[in-house]
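Each chain, written out:
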Amino acid sequence: MGAARDPQHALPLQVAAVCYRRKGPSIEFLLVNTNGGNKWTFPKGDPELSLSHGKAAGREAWEEAGVRGSIEPRHFHVYIHSKGVFWKPPGVQEFVIKAFLLEVEQAGTPLEPMRNPTWFTPEQARKILAKGREVKYARELQAVIDRAVVEICGADRALVAR
C-alpha cells in the first residue's frame with residue numbers, strides 16, 4: 001500500500017492538451033502564448049468536476065487554441081510546471097500537469113484572445129518551450145514533446161525529428 005498523501009502539501013493538478021497534426025511523414029505541435037504572452041505552452045487549465053480529465057483538456061484546447069479533435073481518454077505523461085516568479089507575490093507556484101494527446105481535426109479562432117496558436121516541428125517546439133524558463137521546467141516541457149513523439153510515431157520517431 002502507498003503512503004497517504006497530505007492534501008496540504010500536494011501540488012495542485014491541471015490538465016493539458018498536447019495538440020498535434022500530421023504533415024506527411026512528420027508531425028507538428030500547436031503551442032499557445034502564456035497569459036503574459038512572453039512564453040509558449042500547451043493549452044492547459046484546471047480540471048472540472050463535471051468532465052473527465054481528458055475532456056477538460058479538450059475544452060482547454062478549444063478555449064485557448066481554437067482547435068477540436070480526437071483526444072486520448074488517458075493521459076500519456078505527467079510533468080511539473082511552474083507559474084509566477086519568486087520576486088512577485090505570491091511567488092512561484094508549482095502544478096502537476098496531466099498531458100493528453102489531441103490530434104487536431106478542426107481549427108478556428110480561440111475564445112481567449114492573445115494566445116496566438118502556432119504550429120511548430122518537434123525540434124522547434126523543444127527550443128521555444130525552453131525559452132525564458134528555468135532549466136528544470138524547460139526540461140519538463142521538452143520531455144513532453146519527446147514522449148509525445150514516441151507515443152504518436154513509435155519507432156518511426158526519427159522521421160519527425162527533422
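Residues numbered from 1 in each chain as written. Predicted model: local features only at pLDDT ≥ 70, side-chain atom pairs only at ≥ 80, totals over all residues. Heavy atoms only, no water.

A. Structural context of the packing of aromatic side chains. Under the definition given, this model contains two aromatic pairs. Geometrically, the ring pair formed by tryptophan 40 and phenylalanine 120 is edge-to-face, given 5.2 Å between the ring centres and 75° between the ring planes. Separated by 80 residues along the polypeptide, tryptophan 40 in strand S3 (residues 40–41) and phenylalanine 120 in strand S8 (residues 118–120) bring together distant segments of the chain. We classify tryptophan 40 as buried; its relative accessible area is 13%. Measuring from ring centre to ring centre gives 6.4 Å for phenylalanine 42 and tyrosine 79, while their planes differ by 70°; the resulting arrangement is edge-to-face. Linking phenylalanine 42 in the loop between S3 and strand S4 (44–45) with tyrosine 79 in strand S6 (residues 77–83), this pair joins segments that are 37 residues apart in sequence. Each of the two residues, phenylalanine 42 as well as tyrosine 79, counts as buried. One cation-aromatic arrangement involves arginine 68 over tryptophan 62; the distance from NZ or CZ to the ring centre is 3.6 Å. (Phe/Tyr/Trp six-rings, centres within 6.5 Å; stacked < 30°, edge-to-face > 60°. Helix = DSSP H or I, 4+ residues; strand = E, 2+ residues; numbered from the N terminus. Buried < 20%, exposed > 50% of the residue type's maximum accessible area, 1.4 Å probe, protein only. Lys NZ or Arg CZ within 6 Å of the ring centre and 35° of its normal.)

B. Fine view of unusual backbone geometry. Of note, methionine 114 is a non-glycine position whose phi angle comes to about 70°, a positive value. Here methionine 114 lies in the loop between strand S7 (93–107) and S8. Given the relative accessible area of 71%, methionine 114 is considered exposed. Phi at asparagine 116 takes a positive value of approximately 50°, unusual for a residue other than glycine. The topology assignment puts asparagine 116 in the loop between S7 and S8.

C. Representation of the confidence of the model for the protein chain in the model. Considering every residue of the protein chain, the mean pLDDT works out to 88; 87% of them sit at 70 or more. Segment residues 1–5: pLDDT under 50, and one contact once partners within four positions in sequence are set aside and those in other chains are kept. Within the model, pLDDT remains below 50 along residues 157–162, and this stretch shows 13 contacts once partners closer than five positions in the same chain are excluded. (pLDDT = per-residue confidence, 0-100. Contact = heavy atoms within 4.5 Å.)

D. Local environment of the side chain of glutamate 28. Looking at the secondary structure, you find glutamate 28 in strand S2 (residues 26–33). Residue class for glutamate 28 comes out buried when judged on its relative accessible area of 14%. Side chain to side chain, glutamate 28 and arginine 21 meet in a polar contact 2.6 Å long. Beyond its immediate sequence surroundings of up to four residues, glutamate 28 is in contact with Cys19, Tyr20, Arg21, Lys23, Trp119 and Phe120. (Polar contact = N/O pair within 3.5 Å; in protein donor to acceptor, adjacent residues only side chain to side chain.)

E. Region of the structure containing the packing of helix H2 (residues 122–130) against helix H3 (residues 135–153). Relative to each other, H2 and H3 sit at 165°, their axes nearing to 8 Å. Taken together, H2 and H3 sit at an angle that is classed as roughly antiparallel. By crossing handedness, the relation of H2 to H3 is classed as right-handed. Where H2 abuts H3, its residues Pro122, Ala125, Arg126, Leu129 and Ala130 lie against Ala138, Leu141, Gln142, Ile145, Asp146 and Val149. Here the residues of the contact of H2 with H3 are counted per class, giving eight nonpolar, one polar and two charged. (Axes fitted to C-alpha atoms, helices over the stretch in contact; angles between N-to-C directions. Parallel < 35°, antiparallel > 145°, perpendicular 65-115°, else oblique. Left-handed = near helix turned anticlockwise from the far one by under 90°. Nonpolar A, V, L, I, M, F, W, Y, C, P; charged D, E, K, R; others polar.)

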